[in-house]
Amino acid sequence: RWMGHEIKCRFATLWIGDENNKRRLSNQLKAMHAAGLLPDDFEKWIFITDVPETMDVGDHAFIAHTRRIIEEKGIKLGILDTVSSAVVDETAKDFSFMFRGMKAINYGLPVRPCWLLVHHRRKPKSEDTDGNGRLHAISGHQVLRRKPRTIIELERVTEQSGDRRVVATLLKNSNGKSEGEKHALQQTDRGFDEIENFDFSECAGGGGGAGGHNEKITEAHIREVFNNGRVSYMLGDAVRKLMKISGSGDKAAYVNLSANGRFAHLLKIDKQGKRIEVGLRCAEDEDGE
């Protein structure tokens with residue numbers, strides 16, 4: 001699964017990156033393999049370029065070089081990371097040249113690869129509401145929103161330090177009926193793990209995250225409740241202590257002490273029937289030992 005969506009076939013991927021060098025990405029893939037998330041022969045399927053001298057997708061040399069790799073390796077998916085590195089400026093003309101270059105790379109190939117474009121969105125505005133309104137947060141001209149068949153937005157749940165949870169939202173899907181579908185994910189050094197039974201109202205854009213009541217609760221509050229891992233409490237007692245220390249409400253306290261809350265990576269939760277004991281993970285727990 002990827003961003004909550006099922007992968008239905010095996011395919012070779014070419015990753016053209018400008019923000020992360022080849023060594024860093026290779027190490028991340030090896031960590032995913034060690035965690036059992038990639039097969040033993042993954043290096044035969046995922047190819048990473050080093051940072052290229054030029055990322056100009058309209059350049060004839062770039063087109064010829066990329067096309068040669070695609071033909072030799074049987075590439076079915078090309079990843080361009082990021083769009084901003086592949087254009088001179090973020091104008092309709094620049095994006096049109098980029099898409100024209102991608103078509104030139106694909107032209108005449110027996111099997112044309114799909115393209116995944118990684119792009120940063122601009123800072124959200126008040127008019128960027130849920131649904132189609134969120135498409136306007138994509139940085140650049142509307143051509144970048146109109147051309148792709150599918151658009152997935154990846155957004156942090158909150159801006160709190162240490163909170164590595166994100167929400168993947170399918171903003172556009174021209175080939176299916178699942179537009180608006182959301183998946184909550186926990187980012188790890190090995191990739192993303194899906195979070196079950198997530199309360200999406202906690203998202204930064206959903207009223208319960210950044211700017212909401214949960215913003216009052218910090219990692220320091222959590223550590224103070226459990227005396228930096230020296231004590232643990234039944235859930236109800238931990239909630240009351242957190243409310244007293246942080247000044248938050250009971251709902252926010254429960255959310256932040258849950259298995260899918262902002263501080264889940266810090267918490268050790270033991271369930272004994274209807275009794276739930278909460279404490280802090282020790283270093284051995286965090287390493288999975």
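If you're wondering where the values come from, they're calculated on a predicted model, not measured in any experiment.

Chemist: Lay out the overall build of the chain in plain terms, naming residues and giving numbers.
Modeler: Per the secondary structure count, the chain includes nine helices and 11 strands. The proportion of buried residues among the 289 residues of the chain is 38%. Within the chain, residue pairs in contact and separated by at least 24 positions form 56% of the contacts whose partners lie at least 6 positions apart. When the accessible surface of the chain is split by element, carbon and sulfur atoms take 48% of a total near 17,100 Å².

Chemist: Quick one: what's the story with the pairing of strand β6 (residues 165–173), residue by residue and with numbers?
Modeler: Of all the nine residues making up β6, nine are buried; the element is thus mostly covered by neighbouring parts of the structure. Pairing of strand β5 (residues 150–156) with β6 involves seven bridges; the strand directions are antiparallel. From the neighbouring strand, T150 faces β6, where its bridge partner is N173. Here five bridges tie β6 to strand β7 (residues 182–188), and the two strands are oriented antiparallel to one another. Residue pairing for β7: T169 is matched across the bridge by K182.

Chemist: Any chance you could break down the sheet that holds β6 for me, citing the residues and the numbers?
Modeler: A sheet is described by the order of its strands in space; here four strands give the open sequence β5-β6-β7-β8, paired in antiparallel fashion. Each edge of the open sheet carries a strand with a single partner, namely β5 and β8 (191–194). In this sheet, adjacent strand axes meet at a mean angle of 35° when their direction is disregarded.

Chemist: Would you mind going over the side chain of N106 in detail, with residue names and values included?
Modeler: Looking at the secondary structure, you find N106 in helix α4 (residues 92–106). A polar atom in the side chain of N106 sits 3.1 Å from the backbone oxygen of P113. In contact with N106, other than residues within four places in its own chain, are R67, R112, P113 and W115.

Cut-offs applied
- Throughout this document, residue positions are counted from 1 along each chain, in the order its sequence is written.
- Residues qualify for local features only when their pLDDT is at least 70, as the model is predicted, and side-chain atom pairs are given and counted only at 80 or more; totals for whole chains, interfaces and linings, by contrast, use all residues.
- The side-chain figures draw on all heavy atoms in the structure; neither hydrogens nor water molecules are used.
- Under the DSSP-based scheme used, a helix requires at least four consecutive residues in state H or I and a strand at least two consecutive residues in state E, with every element numbered from the N terminus.
- A 1.4 Å probe rolled over the protein chains alone gives each residue an accessible area, and that area as a share of the maximum for its type sets the label: buried under 20%, exposed over 50%, partly exposed in between.
- It only takes one pair of heavy atoms within 4.5 Å for two residues to be counted as in contact.
- In this description, accessible areas are obtained by the Shrake-Rupley approach with a 1.4 Å probe, and a residue is regarded as covered only by the protein chains that are shown.
- Any two strands with at least two DSSP bridges between them are considered paired.
- Lines fitted to C-alpha atoms define the axes, with helix axes restricted to the stretch in contact, and inter-axis angles between N-to-C directions lie between 0 and 180 degrees.
- Whenever two N or O atoms come within 3.5 Å, that pair is a polar contact, provided that in protein one can donate a hydrogen and the other can accept it, and provided that, for residues adjacent in sequence, both atoms are side-chain atoms.

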